[in-house]
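So you can see what is in the structure, the chains are spelled out below.
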Amino acid sequence: MTRTLVSPLSLQSSRGKAIYWTILVITVIGFTGAFVFPLYWMITGALKSPDELAQIPPSFFPSHFDFGVYVEAWNQLQLGVFLKNTALYAGGAWLFTLAVDVSAAYALSKLRPMFGKVVLGLMLATLMIPPMVLLLPTYLVAKDLPILHLDLLNTPWAIWLPAAANGFFVFLLKRFFDSIPKELLEAAEIDGASPMRILWSIVLPVSRPILGVVSILSVVTVWKDFVWPLLVLPETDKMSISVGIASLSAQMPQNVLIASLVIASLPTILVFFVFQRSIMAGLTAGSLKG
């Protein structure tokens with residue numbers, strides 16, 4: 001028997017239904033407002049004049065809608081260059097993340113190497129280290145790459161290589177790979193398929209939901225990162241969108257700055273709306289139905 005805070009009998013009464021729907025509507029509206037209102041405030045703030053932005057109490061609606069501020073922000077802050085740079089960094093990080101993390105997760109899940117559990121434990125232990133603690137050693141590695149002695153600063157490699165190895169992504173992928181029936185892989189082995197062929201032809205096609213989640217998270221992480229690109233990409237023409245806007249913000253009116261933030265946010269918002277079903281499917285996928 002399942003126990004709940006409100007019995008099914010109470011929910012069947014008119015009073016119970018009224019209370020239930022009232023609480024549900026208030027909760028949904030409250031959470032929706034908490035997430036949507038900052039986005040609305042940013043979009044409408046770009047349409048206000050600097051005087052409107054400075055007035056107290058603030059106005060909830062702009063006195064007139066002047067969308068030319070977005071064109072001004074695009075031209076004055078060189079958003080085209082910064083967006084192109086960020087797309088390059090995010091795209092490369094996505095490719096390297098899939099190549100490295102999928103290979104590691106597949107090896108730990110299906111190939112089961114010696115000391116595989118120890119390696120996985122060490123990967124998960126890195127998640128306990130605050131990111132700020134890793135900034136200095138990672139910067140020194142990017143400044144002078146061991147063995148090769150290459151300087152990766154002001155190159156996309158300074159973004160791609162640190163983003164490639166992610167313990168959290170390896171853990172997510174391994175858990176999903178563990179749920180793939182071993183009978184599928186054994187049948188492929190009997191047919192003479194190599195481990196690489198099994199990965200490419202069997203494991204990856206059935207792992208599309210979790211691959212979608214890892215892809216979206218990796219792209220969004222690089223897109224919104226600020227501190228690391230600020231350290232390794234000091235040249236203006238190599239800056240990412242977040243660093244570029246921050247570097248030029250002191251010279252711009254406040255409404256132009258807010259408009260640039262809206263433009264910088266649009267790609268990630270569009271990615272979420274387009275792939276939200278893949279995100280939810282990947283987060284809830286943990287087994288295969290026969």
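Located above this text is the structure these notes cover.
Report follows, based on the coordinates. All of these numbers come straight from a predicted model, not from anything done at the bench.

What counts as what
- Residues numbered from 1 in each chain as written.
- Predicted model: local features only at pLDDT ≥ 70, side-chain atom pairs only at ≥ 80, totals over all residues.
- Heavy atoms only, no water.
- Helix = DSSP H or I, 4+ residues; strand = E, 2+ residues; numbered from the N terminus.
- Rg over C-alpha atoms; globule rule 2.2 N^0.38 Å.
- Buried < 20%, exposed > 50% of the residue type's maximum accessible area, 1.4 Å probe, protein only.
- Contact = heavy atoms within 4.5 Å.
- Areas by Shrake-Rupley, 256 points an atom, 1.4 Å probe, with all protein chains shown as cover.
- Lys, Arg positive; Asp, Glu negative; His and termini not counted.
- Charge placed at Lys NZ, Arg CZ, Asp CG, Glu CD.
- Axes fitted to C-alpha atoms, helices over the stretch in contact; angles between N-to-C directions.
- Parallel < 35°, antiparallel > 145°, perpendicular 65-115°, else oblique.
- Left-handed = near helix turned anticlockwise from the far one by under 90°.
- Nonpolar A, V, L, I, M, F, W, Y, C, P; charged D, E, K, R; others polar.
- Salt bridge = Lys/Arg side-chain N within 4 Å of Asp/Glu carboxyl O.

Notes on the overall build of the protein
Along the protein, the regular secondary structure elements total 15 helices and zero strands. Taking 19 Å as the expected radius of gyration for a compact globule of 290 residues, we find that the protein reaches 25 Å, considerably beyond that expectation. In terms of principal-axis extent, the alpha carbons of the protein reach across some 70 × 70 × 35 Å. Counting over 290 residues, the protein shows a buried share of 32%. The long-range share in the protein, meaning contacts at least 24 apart out of those at least 6 apart in sequence, stands at 71%. With the model as given, the accessible surface of the protein reaches about 18,400 Å², and the carbon-plus-sulfur share is 71%. Side chains of the protein carry 18 positive and 15 negative charges; the gap between the two charge centres is 16 Å.

Regarding the packing of helix α5 (residues 79-111) against helix α12 (residues 208-224)
Closest axis-to-axis distance for the α5/α12 pair is 8 Å, and the angle between their directions is 140 degrees. By the criterion of interaxial angle, the relationship of α5 to α12 is oblique. As for the relative orientation of α5 and α12, their crossing is right-handed in sense. Within the contact between the two elements, α5 uses Leu83, Thr86, Ala87, Tyr89, Ala90, Ala93, Trp94, Thr97, Leu98 and Val102 and α12 uses Leu211, Val214, Ser215, Ser218, Val219, Val222 and Trp223. Here the residues of the contact of α5 with α12 sort into 13 nonpolar, four polar and no charged.

With respect to the pattern of salt bridges
Here the structure, examined in full by the defined rule, presents three salt bridges. Taking the shortest distance from any N to any O, the salt bridge between aspartate 151 and lysine 143 comes out at 3.6 Å. For lysine 238, the salt bridge identified is with glutamate 235, shortest N-O distance 3.9 Å.

Focus: the environment of phenylalanine 272
Its place among the elements puts phenylalanine 272 in helix α15 (residues 254-284). On the basis of relative accessibility, which here comes to 44%, the residue phenylalanine 272 falls in the partly exposed class. For the pair phenylalanine 272 and isoleucine 216, spaced 56 residues apart in sequence, the C-alpha to C-alpha distance is 8.1 Å.

Considerations on the packing of helix α11 (residues 195-206) against α12
For the pair α11 and α12, the least separation of the axes is 5 Å and the interaxial angle reads 75 degrees. Between α11 and α12, the angle falls in the class roughly perpendicular. Contact residues: α11 offers Leu204, Pro205 and Val206, while α12 offers Arg208, Pro209 and Leu211. Grouping the amino acids of the contact of α11 with α12 by side-chain chemistry returns five nonpolar, no polar and one charged.

What about the side chain of lysine 48?
Assignment of secondary structure puts lysine 48 in the loop between α2 (14-47) and α3 (50-54). Among buried Asp, Glu, Lys and Arg side chains, lysine 48 stands out as unpaired, with glutamate 52 the closest opposite charge at 6.4 Å.

Some remarks on unusual backbone geometry
Here the phi dihedral of glutamine 78 falls at roughly 55 degrees; this positive angle occurs in a residue that is not glycine. Looking at the element boundaries, glutamine 78 is found in the loop between α4 (68-76) and α5. The phi angle at histidine 149 is positive, at roughly 55 degrees, despite the residue not being glycine. Position of histidine 149 relative to the elements: it lies in the loop between α7 (131-143) and α8 (157-164).

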